[in-house]
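The lines below spell out each chain.
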Amino acid sequence: TNSTESIPIRLNKELAPCRQVLDDLESHDEAWPFLLAVNTKQFPTYRKVIRNPMDLQTIGKRLSQNEYKSRDEFVSDVRLIFDNCETFNEDNSPVGKAGHTLRLFFETRWADLTSGK
Ligand SMILES: Cn1cc(C(=O)NCCN2CCCC2)ccc1=O
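Predicted model only: the values in this text are computed from it and were never measured.

### Quick look at the packing of helix α5 (residues 71-88) against helix α6 (residues 94-114)
Running from N to C, α5 and α6 cross one another at 160°; their axes reach a closest spacing of 8 Å. Classified by the angle their axes make, α5 and α6 are roughly antiparallel. As α5 packs across α6, the resulting crossing turns out to be left-handed. Contact residues: α5 offers R71, F74, V75, V78, R79, F82, D83, C85 and E86, while α6 offers V95, G96, G99, H100, L102, R103, F106, E107, W110 and T114. Along the lines of polarity and charge, the residues of the contact of α5 with α6 split into nine nonpolar, four polar and six charged.

Written out as structure tokens, the structure is:
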């Protein structure tokens, strides 16, 4: 119900599924493009095209620093990674394919951890 969703993430013990799914993402074979922020020296146009960069290391820092007020804020940052990836990469490129694969893995794992439990 929405009665618990607005309670701060740490009070409502929603931190556990966030930490779990982040660990699962970081250890996935297709996570290599998303572990760290995109290197803007290697991709000089990136910051012009992608206004809100996001990566798994940044999410981990925010989680550890209690910067997420709800699980929905956490989920939004994860989905931002994949939306940015679709903007900047062709679907059939190595990075583009990794993004589609990891997005499906995330949505499936997140549903298992938070709804069908
Ligand atoms: C998210 N994203 C990532 C890349 C990428 O190539 N990352 C480099 C990954 N390297 C692998 C070993 C060292 C670093 C390109 C475009 C993009 O949107």
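### A look at helix α4 (residues 56-64)
By the burial criterion, the buried members of α4 are L56, I59, G60 and L63. For α4, the arc enclosing every buried residue in end-on projection is 100°, short of the 170-degree limit, so these residues lie on one face. Its buried side turned inward, α4 meets α2 (15-26) and α5. The opening residue of α4, the one whose side-chain oxygen lies 3.0 Å from the backbone nitrogen of Q57, is D55. Directly beyond the C-terminal end of α4, a positive phi value near 55° is found at N66.

### Comments concerning the nonpolar core
Ranked by size, the top nonpolar core spans 22 residues in total, and within it I59, F74 and F106 carry the most contacts. Of all the secondary-structure elements, those providing two or more residues to this core are α2, α4, α5 and α6. Here this core takes six residues from α5, the largest share from any one element. Excluding residues that lie within four positions of it along the chain, F74 makes contacts with C18, V21, L22, I59, L63, Y68 and W110.

### Structural notes on the site of the ligand
As a structural note, the neighbourhood of the ligand is formed by P33, F34, V38, F43, Y46, F88, N89 and V95. When isolated, the ligand has an accessible area of 450 Å², and the protein chains bury 64% of it. Of the residues that constitute the shell around the ligand, the class distribution is seven nonpolar, one polar and no charged.

### Quick look at the pattern of salt bridges
Inspection of the entire model under this criterion finds eight salt bridges. R71 serves as the salt-bridge partner of E14, at 3.9 Å between the closest nitrogen and oxygen. Of this pair, E14 sits in the loop between α1 (2-5) and α2 while R71 sits in helix α5, placing them 57 residues apart in sequence. By relative accessible area, which is 7% here, E14 ends up buried. Taken together, the shared-partner salt bridges connect D83, E86 and R103 into one network.

### Quick notes on the side chain of D24
If you trace the backbone, D24 turns up in helix α2. D24 gets classed as buried once you look at its relative accessible area, which sits at 17%. Setting aside chain neighbours within four positions, we find D24 in contact with F105 and R109.

Conventions adopted
- Residues numbered from 1 in each chain as written.
- Predicted model: local features only at pLDDT ≥ 70, side-chain atom pairs only at ≥ 80, totals over all residues.
- Heavy atoms only, no water.
- Axes fitted to C-alpha atoms, helices over the stretch in contact; angles between N-to-C directions.
- Helix = DSSP H or I, 4+ residues; strand = E, 2+ residues; numbered from the N terminus.
- Parallel < 35°, antiparallel > 145°, perpendicular 65-115°, else oblique.
- Left-handed = near helix turned anticlockwise from the far one by under 90°.
- Contact = heavy atoms within 4.5 Å.
- Nonpolar A, V, L, I, M, F, W, Y, C, P; charged D, E, K, R; others polar.
- Buried < 20%, exposed > 50% of the residue type's maximum accessible area, 1.4 Å probe, protein only.
- Arc of directions from axis to C-beta.
- Polar contact = N/O pair within 3.5 Å; in protein donor to acceptor, adjacent residues only side chain to side chain.
- Core = buried A, V, L, I, M, F, W, Y, C linked by side-chain atoms within 4.5 Å.
- Near = heavy atom within 4 Å.
- Areas by Shrake-Rupley, 256 points an atom, 1.4 Å probe, with all protein chains shown as cover.
- Salt bridge = Lys/Arg side-chain N within 4 Å of Asp/Glu carboxyl O.

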